[in-house]
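Chain residues, written in single-letter form:
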Amino acid sequence: MSDIAKDKAARLLKKRGSVSSLSSHEVRAKEIIGKNKDSMSTVSYMDEPGHEIPRLAIQLENTYQLGPAKRFPVVTVNNILKDVLTNYLQEEKYEAELCRQMTKTISEVIKARVKDLMIPRYKIIVIVHIGQLNEQSMRIGSRCIWDPASDTFSSYAFKNTSLFGLANVYAVYFE
Amino acid sequence: AVPNMYVCEYLFVNQNVSSHSNSAIESAIGGNAYQHSKVNQWTTSVVEQTLSQLTKLGKPFKYIVTCVIMQKNGAGLHTASSCFWDNTSDGNCTVRWENKTMYCIVSAFGLAI
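The name recorded for chain B in an unreviewed UniProt entry is Dynein light chain Tctex-type 1, from Terrapene triunguis. If you open the UniProt record of chain B and go to Sequence similarities (unreviewed entry), you find "Belongs to the dynein light chain Tctex-type family." UniProt's Subcellular location (unreviewed entry) comment on chain B is quoted here verbatim: "Cytoplasm, Cytoskeleton".

Under the annotation held in an unreviewed UniProt entry, chain A carries the name Tctex1 domain-containing protein 1-A and is attributed to Terrapene triunguis.

We now examine the environment of Thr-152 of chain A. All names here are of chain A. Within the secondary structure layout, Thr-152 lies in strand S6 (residues 152-159). Here Thr-152 falls in the buried class, since its relative accessible area comes to 17%. Between the C-alpha atom of Thr-152 and that of Phe-72, which follows or precedes it by 80 residues, the distance is 7.3 Å. Discounting residues that sit within four places of it in the chain, Thr-152 has contacts with Phe-72, Val-74, Trp-146, Val-169, Tyr-170 and Ala-171.

Once that is clear, we can look at helix H1 (residues 17-29) of chain B. Residue and element names in this part refer to chain B. The end-to-end C-alpha separation of H1 is 18 Å, in line with the 18 Å expected for 13 residues at 1.5 Å each. Within H1 the residues assigned to the buried category are Val-17, Ser-18, His-20, Ser-21, Asn-22, Ala-24, Ile-25, Ala-28 and Ile-29. Just downstream of H1, Gly-31 is the residue with a positive phi angle, here 80°.

Glancing now at the nonpolar core. Residue and element names in this part refer to chain A. Counting residues in each nonpolar core, the largest one holds 26 residues, and the members touching the most others are Phe-72, Leu-89, Ile-106, Ile-110, Ile-130 and Val-169. Of all elements in the fold, only helix H2 (74-89), helix H3 (96-116), strand S4 (122-132) and strand S7 (163-173) reach the threshold of two or more residues within this core. The element contributing the most residues to this core is H2, with 6 residues. The residues contacting Leu-89, other than those within four sequence positions of it, are Met-102, Ile-106, Ile-130, Phe-158, Asn-160, Leu-163 and Gly-165.

What counts and what doesn't
Residues numbered from 1 in each chain as written. Chains lettered and ligands numbered in written order. Predicted model: local features only at pLDDT ≥ 70, side-chain atom pairs only at ≥ 80, totals over all residues. Heavy atoms only, no water. UniProt positions renumbered as here; feature names shortened; annotations may be inferred. Helix = DSSP H or I, 4+ residues; strand = E, 2+ residues; numbered from the N terminus. Buried < 20%, exposed > 50% of the residue type's maximum accessible area, 1.4 Å probe, protein only. Contact = heavy atoms within 4.5 Å. Expected span 1.5 Å × (residues − 1). Core = buried A, V, L, I, M, F, W, Y, C linked by side-chain atoms within 4.5 Å.

In structure tokens, the structure reads:
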């Protein structure tokens, strides 16, 4: 019985769909909120706060599952990241327009390949950074609040003579 | 009967995430010039402050916060993210902050449990 509920939940999740950053009309709000005399900040959201009408919560049935049935395969995903980044970036030189499209394409490709692994009940976040190598220094860091028993991440950094690429995949179990 | 719940309070967007991120950035690095020796501690403190303010809200959400700090050197940087989640309850917020010597980009993702 719980299998049917599990399938239903997985299908519901999949039907929810994924937002493609390729179609950037999804980024709706963009406001400049701070401007001190020596710093400036811009904010962008997926949806504007207060914009959405409160929606009915969809009650999912109990699955009586305490943890994930199938864990997220970190090593497989590491290989996927390595594969995708090397294939797309090996020969490229840094160019603003090319890399802008490239980051969006790569993140979509990685998401599609991770989805193909069909790990049930996991939400996926893929973040790709591509930057120019110009003798500048930079630091990229992230922290997460989640359940370390079921949630995990995977990461790969690629470098060639003119650019670097970093891909992070976070997998969060949907209880 | 199953109660009907209006999910207003569970929507990620209603958590005013941008102000938390912004205040974390300002307190950690506002008014400073880029310093290689300090950048490690800055990224850590920005991310930890944002996360702790988000957790104080006490919502049933898992959070992922990413911070990029880059020296201003004429180099370009592109970032994209692709997410597979429930559009009705999950969301993200990105704050781009800059001053004369560096850029700081903080992205916060929230996923409903």
